[in-house]
Every structure is written in C-alpha cells, then in structure tokens.
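Residues per chain are reported as follows:
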Amino acid sequence: MDIVTLQETCLPATGSIREKDFTFFWQDKPPEEVREHGVGFDIRNRLLGSIAPPTVGSARIIKLQLHTAAGMVSLINAYAPTLTSSTEAKDKFYEDLGLALREIPQQEPVFLLGDFNARVQEFTAALVNAPPVPPSNSASERWLHLRGTIFHTAMSTFGKRQNKAADWLEASAEELLPLVEEKRRALSSYKNLPLERTYEACTKGSNKQQALHKSGRLL
C-alpha cells in the first residue's frame, strides 16, 4: 500500500512525521481542546513529490491532492460521527464534507475514503434476504424493482433523517434528478458511440448542472 487513511489519530492541531518509508500527516483539534477523533494520511515517501500536502480541514475531514499521469486527483479522508452522535454533530460533519467536495473542480476525480460508521453489515444482510428480482424481458422493469428494493432496505435499516435542516438533494430533486438522468443517458450513448455529437451531449448535460448550481436554485 502506498497511501493509507487513518482515523482516531488524536494528535494536536496539524503536523507531519517522516519515517524511513512513510510520512504521516494528521489533522485534529488544537492542543487546548479535548481530542477524540483526528484524521490523517500515511504516504509512502517516494510519492511525496507527487502530492500537494494535505489541506487544513477538521478533526474529521482531511484532503490531499495527488498528481498523476492523467491529471490531478483529490483524496478525502472522512471520519463520520456514529449513529448515536447528536444531530448537530452529524449535520456539521456532512455540511463540512459537502463543502470539501464542492471545492474540488467538477472534472477532477475524487476518492472519498475513511470510516463512515454505517450499519453496512446490517444493510448488506437485509439486502441479501430481500425478494429476488422477478424474471422479466424488460431491463427497465428489473431496474425499477432493484432500485425500489435498495431504497426500502436502506430506509428500514437506517431510517429517515430526523432533523429540521434542509436536505439539498431532496429539496432540489425536481430540477436535479432529470438533469442527472439526462447526463447518464448522454454518457451511455457516448460510451457506445464515441462521436463528436455524443460527446457534445455529455458536455451539455454537465453545463446544465453547473448552471443550476451557479443560479443558486440548489440549496
């Protein structure tokens, strides 16, 4: 492994330590505050010339950029609050995570890593035991059944969010979801038939989403 994400580092403020093969970067609360979380990256030393050092985030979120042959790549290490944490703590974490993601250029690949403290095993078990997709010659019908199964399984496992904070995806779904579906179809067409007109359709879909963000209509 060349890059490892770490949680519960519990070291004060920000810093780095270089060892023989790896350099450890961390981010946490100031020395005068109680430290319970902390996040960091352990990076093989031969890659140090290819990275932009991790940017200051929070005790739960740290980000670094990696220069690759294909261009810049962003890596985010996130340590989510547990399900028993306060609503305020969970809202603050996801607001900070959303901000970190929005700061990354849309065309830049992002790897979201870390520990999200989710009930993954419970959800997986429930999904495995869900009713199978019924036989059908229609791909659309099979997809609708699969989507519904995943949604209802997730709702029964994790429950509905219980707070008054605005859910930007839910609130903007009427405008956003058709654009996402249009972009998905355009990308599929371009993969099947990589021509200039299908590429332009992909670009058009991306431009519409960007225009919607800039207009301020997305919460």
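Basis of the calculations
- Residues numbered from 1 in each chain as written.
- Predicted model: local features only at pLDDT ≥ 70, side-chain atom pairs only at ≥ 80, totals over all residues.
- Heavy atoms only, no water.
- Helix = DSSP H or I, 4+ residues; strand = E, 2+ residues; numbered from the N terminus.
- Buried < 20%, exposed > 50% of the residue type's maximum accessible area, 1.4 Å probe, protein only.
- Core = buried A, V, L, I, M, F, W, Y, C linked by side-chain atoms within 4.5 Å.
- Patch = residues over 30% accessible without salt bridge, like charges linked within 9 Å, V, L, I, M, F, W, Y side chains within 5 Å.
- Areas by Shrake-Rupley, 256 points an atom, 1.4 Å probe, with all protein chains shown as cover.
- Salt bridge = Lys/Arg side-chain N within 4 Å of Asp/Glu carboxyl O.
- Polar contact = N/O pair within 3.5 Å; in protein donor to acceptor, adjacent residues only side chain to side chain.
- Contact = heavy atoms within 4.5 Å.

A. Highlighting unusual backbone geometry. You will see that E8, though not glycine, has its phi angle at about 55°, which is positive. In this structure, E8 sits in the loop between β1 (3-7) and β2 (14-18). The backbone phi angle of C10 is positive, close to 60°, even though this residue is not glycine. Within the secondary structure, C10 is located in the loop between β1 and β2. Judged by relative accessible area, which is 31%, C10 ranks as partly exposed.

B. Up close: the nonpolar core. The biggest cluster of nonpolar side chains holds 12 residues, and these are F25, V39, F41, I43, L47, I51, I62, L64, L66, V73, L75 and Y79. Only β4 (39-44), β6 (61-68) and β7 (71-79) provide two or more residues apiece to this core. Listed in part, the 8 residues of the second largest apolar core include I61, A78, A80 and F93.

C. Up close: a nonpolar patch on the surface. A grouping of L101, V110 and L112 is seen on the molecular surface, where their side chains present a nonpolar patch of about 210 Å² in accessible area. By the secondary structure assignment, L101 is in helix α1 (residues 87-102).

D. Molecular detail of the side chain of N77. Examined against the element boundaries, N77 turns out to sit in strand β7. Given a relative accessible area of 0%, N77 falls into the buried group. From its side chain, N77 meets the backbone oxygen of L6 in a polar contact 3.0 Å long. Only 2.8 Å separates the side chain of N77 from the backbone oxygen of G40, close enough to count as a polar contact. Discounting chain neighbours no more than four positions away, the residues touching N77 are T5, L6, Q7, V39, G40, F41, R60, I61, I62, L113 and G114.

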